[in-house]
Amino acid sequence: MNSFFAENINHIKNLSRNEFEALYEFTEILNTADKQESLIENAMDIVIKVINAERGLFVRYDEVNDNFSIITARKISNENITDLNQFSSGILQKVIKEKKPLLYHDVMGDPNLSQFHSVQIHKIKSVIGVPIIRDGKIWGVIIADSTLDRREFTDENLIFLNFFSNLVSLALERIIKLEELQRENRILINKLQATEEIPEMIGGSITMRNLAQLIYKVAQTDATVLIYGESGTGKEITAKAIHQLSKRKSAPFLAQFCGSIPDSLLESELFGYKKGAFTGANNDKQGLIEAADGGTFFLDEIADISSALQAKLLRVLENREIIRLGDTKVKKVDVRILAATNKDLNVLTKDGRFREDLFYRLNVFPIKMPPLRERREDIPLLAKHFAKKLGRADIFIEPAVIKKLENYYWPGNIRQLINVIQRALILCDTNKIQTEHIILEDSKDLTDFQGTLQEFEMLLLKKRLEEFNGNRTLTAKSLDVSVRWIQLKLKELGEQ
Ligand SMILES: Nc1ncnc2c1ncn2[C@@H]1O[C@H](COP(=O)(O)OP(=O)(O)OP(=O)(O)O)[C@@H](O)[C@H]1O
Ligand SMILES: [Mg+2]
């Protein structure tokens, strides 16, 4: 039992009926509240009502930086106050120092307090200050005050508040534990959806060695990284590697796939929501960006998000701030952002389909993932690695197979190579992979081509267009020709 309580136990009988009722009412809230904010708001209302104060303030105290932030502040008229200077910081400091509830009757007349600017401006007559203690440390402070024309606070009010603060501390303890568990749960679920292990990036080519160096360097910073490249080139494992190599590695790495997901669903996943924000929002829910606090957040397939969400993401990137759906409160998050896309954001930005300001915020440190055909020398190593990973370390890959793999164009890059190896392992009955086990989709092997140069040109063009889903820009890039050249050729074919 704390000493204040022991000294004042005799006064308990002096608590008014209202005060007893308020304590009772609060014990009920204590059992049902499951969010810090709603608990604190309820607590604030009770304080203002019971002690007949005009204004109430609940601040969170940050001991390390010795500063306060408002959690809730309001007048009896239910108006919210957002400026901490409206209250006396001197009194807040006193509560922090003394670590016990304080009550001042004649504030204006007290030379120690009347010097405070805010006391003079607001003509504060009575002030009550109550610390909320967690683990023996000050977690927050409740301040309630009253001006000239209201009645003074009493010693019983102070006793009431002391009881009350103990109850709030207890409830907070429970809620904070619950919130921590919920956050942990979200992180675990997200991790289950992503592959867990530390990414292994195989490749001895100069391209890959340079890339590895780049990844290592950027991992040491907090810079936003935009990873771009064709499908299956390793964008996701690069994002994971950046996190694993960074000082944030013991904090969560959370990811959200942003492609082809309805806007509202994506928004609630990313930002969370407040109870009642939409039909079915029965509870407050933390978003993934908030859950990644302290860690890294990976926005996969960023090019596909709507312009409304682009604006919201800009806020995260500019100020590290989020607002839950249906909420007005801004929350600060300490999160490193990584993003990936297989589209050309430069082109999308010029076309007005992607916000320019967001593009520049994402493109702080761009990393281009090289397509597999630009590092064919890694193919033998990769093929062997995947066979081993698929449980066949014993397998021998014939040189002719390696040659076939090296000659292929790999539109699906490494992911496609994994599939090809997997299929080969199913097809071969011995411990030797031979060329007939290698099935390359739609591949009329161009090395066996028998026709004319012109026919070869057309065949190659058609094949590439197929590989890039008809995308002429990418096809032109891969053939090192202009889009115009492709248009002309297609015209010759009578296809345009
Ligand atoms: N250098 C590498 N070494 C070993 N495995 C790799 C390498 N790069 C990619 N992989 C593997 O290839 C597969 C595809 O990689 P990842 O998912 O990171 O590609 P992506 O660029 O995100 O693809 P998409 O655009 O299709 O989403 C994964 O199974 C990954 O583990
Ligand atoms: Mg990916």
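It should be emphasised that the depicted structure is a prediction, and the values quoted were computed from it without experimental measurement. (Residues numbered from 1 in each chain as written. Chains lettered and ligands numbered in written order. Predicted model: local features only at pLDDT ≥ 70, side-chain atom pairs only at ≥ 80, totals over all residues.)

Colleague: Provide a residue-level description of the overall build of the chain, including the pertinent values.
Modeller: Along the chain, the regular secondary structure elements total 20 helices and 16 strands. Expressed as a percentage of contacts within the chain between residues at least 6 apart in sequence, the contacts between residues at least 24 apart total 70%. (Helix = DSSP H or I, 4+ residues; strand = E, 2+ residues; numbered from the N terminus. Contact = placed C-beta atoms within 7 Å.)

Colleague: Tell me about the sheet that holds strand 1 (residues 55-62), and name the residues and values.
Modeller: Read from one edge of the open sheet, five strands run 2-1-5-4-3, paired in antiparallel fashion. The open sheet has two edge strands with one neighbour each: strand 2 (67-75) and strand 3 (102-104). Strand-to-strand twist across the sheet, computed as the mean angle between neighbouring axes with direction ignored, equals 15°. For strand 4 (residues 124-134) and strand 5 (residues 137-147), the ladder comprises ten bridges, and the chain directions are antiparallel. Along strand 5, the bridge assignment pairs Pro131 with Val141. Across the sheet, helix 3 (residues 36-50) lies against strand 1, strand 2 and strand 5, angled at about 140° from strand 1, the strand it touches most. (Pairing = 2+ DSSP bridges. Axes fitted to C-alpha atoms, helices over the stretch in contact; angles between N-to-C directions.)

Colleague: With reference to specific residues and values, describe helix 18 (residues 453-467).
Modeller: Compared with the 21 Å implied by 1.5 Å per residue over 15 residues, the 21 Å span of helix 18 between its first and last C-alpha is a close match. Positive phi appears at Asn469, one or two residues downstream of helix 18, with a value of about 50°. (Expected span 1.5 Å × (residues − 1).)

Colleague: Give a description of the packing of helix 10 (residues 263-271) against helix 12 (residues 307-319) that names residues and reports values.
Modeller: Between helix 10 and helix 12, the least distance of the axes is 10 Å, while the angle of their chain directions is 15°. Relative to helix 12, helix 10 is oriented roughly parallel. Between helix 10 and helix 12 lies a crossing whose hand is right-handed. When helix 10 is examined against helix 12, the residues Asp263, Leu266, Glu267 and Phe271 are found in contact with a partner set consisting of Ala308, Leu309 and Lys312. Classifying every residue of the contact of helix 10 with helix 12 by side-chain character gives four nonpolar, no polar and three charged. (Parallel < 35°, antiparallel > 145°, perpendicular 65-115°, else oblique. Left-handed = near helix turned anticlockwise from the far one by under 90°. Nonpolar A, V, L, I, M, F, W, Y, C, P; charged D, E, K, R; others polar.)

Colleague: Describe the site of ligand 1, and please don't skip the residues or the numbers.
Modeller: Neighbouring residues of ligand 1: 16 residues in total, closest Ile202, Ser231, Gly234, Lys235 and Glu236. When residues of the shell around ligand 1 are traced back to their parent elements, those giving at least two are helix 9 (235-244) and helix 17 (413-427). Tallied by class, the residues present in the shell around ligand 1 amount to six nonpolar, six polar and four charged. Two domains each donate at least three residues to the shell around ligand 1, and these are domain 2 (194-368) and domain 3 (374-437). (Near = placed C-beta within 6 Å. Domains from an automatic or database assignment.)

Colleague: Outline the sheet that holds strand 7 (residues 253-257), supporting the account with residue identities and numerical values.
Modeller: The strand order 7-10-13-6-14 describes an open sheet built from five strands, whose pairing is parallel. Both outer strands of the open sheet, strand 7 and strand 14 (365-368), are each paired with one neighbouring strand and no more. Neighbouring strand axes in the sheet, compared pairwise and without regard to direction, differ in orientation by 20° on average. Pairing between strand 6 (residues 225-228) and strand 13 (residues 336-341): four bridges, direction parallel. Considered in strand 13, the bridge of Val225 is made with Leu338. Sheet contacts for helix 9: strand 6, strand 7, strand 10 (296-300), strand 13 and strand 14; angle to strand 13, the most-contacted strand, approximately 165°.

Colleague: An account of the nonpolar core is requested, with residue identities and associated values reported.
Modeller: Core analysis: the biggest nonpolar cluster contains 40 residues, and Ile227, Ile242, Ile289, Phe297, Ile302, Leu338 and Ala339 have the highest contact counts within it. Not counting residues within four places of it along the chain, the set of residues in contact with Ala339 comprises Leu226, Leu299, Ile302 and Leu362. Of all hydrophobic cores here, the second largest spans 39 residues; its members include Ala33, Ile51, Val95 and Tyr104. (Core = buried A, V, L, I, M, F, W, Y, C linked by C-beta atoms within 7 Å. Buried ≥ 20, exposed ≤ 12 C-beta atoms within 10 Å, placed from the backbone.)

Colleague: Please set out the pairing of strand 2 residue by residue, giving values where relevant.
Modeller: Strand direction decides the pairing type here: strand 1 and strand 2, joined by eight bridges, are antiparallel. Within the sheet, the bridge partner assigned to Val59 lies in strand 2 and is Ile70.

Colleague: Could you give me a rundown of the packing of helix 8 (residues 206-219) against helix 9, with the residues and numbers involved?
Modeller: At a minimum axis separation of 8 Å, helix 8 and helix 9 run at an interaxial angle of 45°. Accordingly, the angle class assigned to the pair helix 8 and helix 9 is oblique. Of the two possible hands of crossing, helix 8 and helix 9 adopt the one that is right-handed. Listed contacts from helix 9 to Ile215, Val218 and Ala219 of helix 8 are Thr238, Ala241 and Ile242. Of the residues that constitute the contact of helix 8 with helix 9, the class distribution is five nonpolar, one polar and no charged.

Colleague: Tell me about unusual backbone geometry, and name the residues and values.
Modeller: One non-glycine residue with positive phi stands out, namely Asp135, at about 50°. Here Asp135 lies in the loop between strand 4 and strand 5. Residue class for Asp135 comes out exposed when judged on the 7 C-beta atoms lying within 10 Å of it. The phi dihedral of Asp480 falls on the positive side, at around 60°, and the residue is not glycine. Within the element layout of this structure, Asp480 appears in the loop between helix 19 (472-479) and helix 20 (483-492).

Colleague: Describe helix 8, and please don't skip the residues or the numbers.
Modeller: Across its 14 residues, helix 8 extends 20 Å between first and last C-alpha, which sits within 8% of the 20 Å expected from 1.5 Å per residue. Buried within helix 8 we find Leu211, Ile215, Val218 and Ala219. The arc that holds the buried residues of helix 8, viewed along the axis, is 100°, so those residues lie on one side. For helix 8, the exposed residues set more than 90 degrees away from the buried face come down to Ile206, Arg209, Asn210, Gln213 and Lys217. On its buried face, helix 8 sits against strand 6, helix 9 and strand 14. (Arc of directions from axis to C-beta.)

Colleague: I'd like to hear about the environment of Asn342, residue by residue, with values.
Modeller: Locating Asn342 in the fold gives a position in the loop between strand 13 and helix 13 (345-350). The sequence separation of Asn342 and Tyr228 amounts to 114 residues, and the corresponding C-alpha distance is 5.6 Å. If sequence neighbours within four positions are ignored, Asn342 has contacts with Gly229, Glu230 and Ser231.

Colleague: Outline the environment of Glu457, supporting the account with residue identities and numerical values.
Modeller: With respect to the secondary-structure elements, Glu457 resides in helix 18. Between the C-alpha atoms of Glu457 and Lys489, which are 32 residues apart in sequence, the distance is 9.3 Å.

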